[in-house]
Structures are given as C-alpha cells and as structure tokens.
Amino acid sequence: MDEEYDVIVLGTGLTECILSGLLSVEGKKVLHMDRNDYYGGDSASLNLTQLYRKFRPDQTPPAELGRDRDYAVDLIPKFIIASGELTRILVHTDVTRYLEFKQIAGSFVYRDGKISKVPSTEMEAVKSPLMGLFEKRRAKKFFEFLQNWKADDPNTHQGLDLEKHTMAQVYEKFGLEPGTQDFIGHAMALYLDDDYKTKPAKPTYERIVLYTSSMARYGKSPYIYPLYGLGELPQAFARLSAIYGGTYMLDKPIDEIVTDADGKFVGVRSGNETVKAKQVVGDPSYFGAGKSAEGGKVRVVEEGKVIRAICFLKHPIPGTDDADSAQIIIPQNQVGRRNDIYVAMVSSTHNVCAKDVYVAIVSTIVETDRPEQEIIPGLQLLGPIYDKFVSVSSLYTPTSSGESDNIFITRSYDATSHFETVVDDVQHVWKRMMGKDLVLRKREVEVEA
C-alpha cells in the first residue's frame, strides 16, 4: 500500500461507487476501500442471514421465508426514474451491461383514506377518481399548458413567467384544488414537503415533465428497478472502476484520515500502513459521523433523521390491483405532517425475495420523538405484516466543500423515493473535486418488458 494514488474513495455506497467509476474513466488512479466485507455501505442489499444479523443478531431467519440466497433486501428503498439523471449516468458509462431492469408496476397516491393510481396523461386524468368532473377539466387545462409550454414562445405562457411566478400562483391561475395540488406536487413532482409552492415554478415544471416523459417511456409507472436489488448498482460501478484500473480493498478498517500541519489531506491509515493520495472522498461514517469531535475538526453535521421499516408481506398491497411492485406516496397534508410518507414495494419478480413474499419499505423524515408512530399511516396500507425491521438513521451533511483541504464528503441517503438527489450529490462533489461540471452523453436504456 505504499504507492501514491490520485484519489482514495472510502465506502462502497452508491454515491462513492459512481464517483470512483467516473474518476477512473477520467484517467484518475483510484483506490477504493471499505470497512465492510460487502459492497454497498448504507445502500447495500442484504440476504436473509445478513438482514437478521443486522437487526436481530440473536435470531435465525424462519425457515418458511425460504432460501437465504433468494433474498436481496434493500436497506434504502429507492426507485430509478426512467428518464432521470441516474439513468443518464448508467447509459453514459455503459454500466447497463452489468444490470437488468424491470418496471415498477404502479405509482399510487393516498387521498382521503384510500389509494389511487397517479394519473399521468390527460386521458388518465379524465378517468381518475382523485378529482370531480369540474376539477378534471381544470387539471386537463393545466397539463395541456405544461405540455405546450415553450421557453422561447410567449404565446404558450398564458401570462405566466415560470422563472418568476411561484408554483402557488400557477395552481391559482388554473384554480386547482388543494387535493389536486397534493398529488401534482408530491406524487408527480416528487417533493417531500410543500416548500416548493413559494418558489419559482420552473423546477416544478421540469420535475412534472420528467415524471410524465418517464411514464410515457414504459407505460405502467415512471420507475424502473434492477433485478437482484439496488445493491447491484454500486457493484456495477465498482466493476466499471476496476476495468479502468481502479483498486478495491474490502474488509479494511480505516483508522485515521492523515492531514499535514495545514490540515490538508495526506493519506489514509489502516493499521500501521498509510496510503497517500492527492484527494479523498467518502461517506460521512468515515469522517466522524455519529462521534463527538475530540479536539478534532467537525467535518459532518446531522441534518435530521429518517425512519425506514422493512416489512415482509405474504400478499400484494391491497388496492393496487395485485401489483407485483408499487410506489405509494402519502402526501403530508393528507396525514397532518410536514413530510410525505413513502411506501416502496418489490417482490420475487425482481429476484429480491422468495416466491409469494413481498417486501414493502415504509419511510419518512422523523418529525417527533416517537418515529414509529409517524409511519403508521403507511403500515396500515399494507394489510397483515408477516415481519418488520425498523431503523432510524441520521442524515449527515459535510460542513465544508473540501476544496481547501482536499477532503470531500458525500451526503447521507435521504428519504426521497428516487435517486435524483444522489446524482445531484455526485455532480456537486465532482465539480468540487475536478473544478468542472460532469458532462454526460444521451442514450436510451433497454428495459425488460
């Protein structure tokens, strides 16, 4: 370990693996280390034995759940938006050749105590039970406005400037009811809370268009998901890095981030070996997350907490037409919260559990000191729960950009139901490390029907 590298990457979570893959492709000499003996860090997918070891070390998995190797249970539930940024990175890097994707069968939203399919076209909007007759006409006009809007053609603007007018003003112009605003803002634009309404409408317009174009691509829902679980994603990027000469070391304890007298990064110590590099990038757990700073520099701060409940069911979620996979969004207004509750469900169709088992993960941002109570509205939608594993994790964010000391830290995985924020972080870290934007080519992704 005495040679010098351009970059040392700590942790094999998805963010770190995308970065190490892209850095290797860029010609950087990369060393990638992880304290665990498996890939994925916080974004790993675990088999039954690993899952029970993590949540219930004193219990063996019940035999009726089937074979250990049939399971790949995600610790962090997220789906890939078909036309989104992660898809562009997968295609740009050709990582798609290591992965197979399947569609998620349905996208649903909770309203007035029951779940309904999220309408994504004018035709679906007209049939949707989410709106009454007059509201459907108003929603149709709203969707037509979005579809026809062109930045350089004022005739399509209907007096609205999306760069200046807030989303609340846009809703008001079309007279949309609060419940309709809920499903547009939360189930289509995928915002976690309502802060977006007071901001300029352009980003919301872009997010709704992303949703509808992703929906149009494959039909049933705007989401795709890799066979064998999300843990396949970091491994695929790790393979990319290795092809371009990246070196991997798993099961390697990281004992110290070594800096010089000015606090600049020098290397990483593991046991009595120190390996040197120009830059280091890693997840918050390698930079003091969860520990008190003893005279050292505080590099990460806690921004909040996320609760996630992994539930095993013996049946599909009621009210989803027996879908083999689904996303359900419970907008915060519907249950008197500040943040939405998400339910993500996958099954044996995706090679992540045994036949006739369904894995549903309920998650939200913690708002009280009784987090388990906060996800009850989500748990109640699932019907009888065979078993559940609950975790509360802190969300960490770096205290500095890293440019001054060459120590670049990624953010924890948030409560959103998709990977767009992960890619945002990749792009931010890339720009801070390389001093230039990450540029991606455009191609299409093949999906199994």
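These lines cover the structure that appears in this document, whether it is placed above or below. Everything numeric here is computed off the predicted structure, so don't read it as measured data.

Scanning the protein from N- to C-terminus turns up 12 helices and 19 strands. Scaling as 2.2 N^0.38, a compact globule of 449 residues should have a C-alpha radius of gyration of about 22 Å, and the protein matches this with 23 Å. Taking all 449 residues of the protein together, the buried fraction comes to 56%. Considering only residue pairs separated by 6 or more positions, the protein has 72% of its internal contacts joining residues 24 or more positions apart.

Looking at where P331 falls in the secondary structure, it is placed in the loop between β15 (326-330) and β16 (341-347). Residue classification places P331 among the buried residues on the basis of a relative accessible area of 1%. With residues up to four places along the chain from it excluded, the contact list for P331 reads V109, Y110, D182, H186 and D340.

As a further point, take the environment of M434. One can find M434 in helix α12 (residues 420-434). With sequence-adjacent residues up to four places away left out, M434 is seen in contact with L23, E26 and K28.

On to the sheet that holds strand β7 (residues 107-111), then. Ordered in space as β8-β7-β15-β16-β17-β14-β18, the 7 strands form an open sheet in which the pairing is mixed. Both outer strands of the open sheet, β8 (114-117) and β18 (387-398), are each paired with one neighbouring strand and no more. When strand polarity is set aside, the average angle formed by the axes of neighbouring strands in this sheet is 25 degrees. Pairing geometry for strand β14 (residues 300-313) and strand β17 (residues 358-365), over 8 bridges, is antiparallel. Paired with R308 across the strands is S363, a residue of β17. Against the sheet, helix α2 (residues 48-55) touches β14 and β18, its axis set at about 70 degrees to β18.

Turning next to the packing of helix α1 (residues 14-25) against helix α9 (residues 232-243). Viewed as axis vectors pointing N to C, α1 and α9 meet at an angle of 20 degrees, and their least axial separation amounts to 8 Å. By the criterion of interaxial angle, the relationship of α1 to α9 is roughly parallel. The two elements α1 and α9 meet at a crossing, and its hand is left-handed. Where α1 abuts α9, its residues L14, C17, I18, S20, G21, S24 and V25 lie against L233, P234, F237, A238, L240 and S241. Taken together, the residues of the contact of α1 with α9 break down into 9 nonpolar, 4 polar and no charged.

Running from N to C, helix α3 (residues 85-92) and α12 point in directions that differ by 60 degrees, and their axes come no closer than 8 Å. Classified by the interaxial angle, the pair formed by α3 and α12 is oblique. Each of E85, L86 and I89 in α3 lies in contact with α12, whose residues at this interface are E420, V423, V426 and Q427. Residue composition of the contact of α3 with α12, by class: 4 nonpolar, 1 polar and 2 charged.

Covered by surrounding structure in strand β9 (residues 223-226) are Y223 and Y225 together with I224 and P226, the residues of both alternating faces. Alignment of strand β5 (residues 80-81) against β9, held across 2 bridges, turns out to be antiparallel. Residue pairing for β9: I81 is matched across the bridge by Y223. The sheet contact formed by strand β6 (residues 101-103) and β9 spans 3 bridges and is antiparallel.

Thresholds applied
Residues numbered from 1 in each chain as written. Predicted model: local features only at pLDDT ≥ 70, side-chain atom pairs only at ≥ 80, totals over all residues. Heavy atoms only, no water. Helix = DSSP H or I, 4+ residues; strand = E, 2+ residues; numbered from the N terminus. Rg over C-alpha atoms; globule rule 2.2 N^0.38 Å. Buried < 20%, exposed > 50% of the residue type's maximum accessible area, 1.4 Å probe, protein only. Contact = heavy atoms within 4.5 Å. Pairing = 2+ DSSP bridges. Axes fitted to C-alpha atoms, helices over the stretch in contact; angles between N-to-C directions. Parallel < 35°, antiparallel > 145°, perpendicular 65-115°, else oblique. Left-handed = near helix turned anticlockwise from the far one by under 90°. Nonpolar A, V, L, I, M, F, W, Y, C, P; charged D, E, K, R; others polar.

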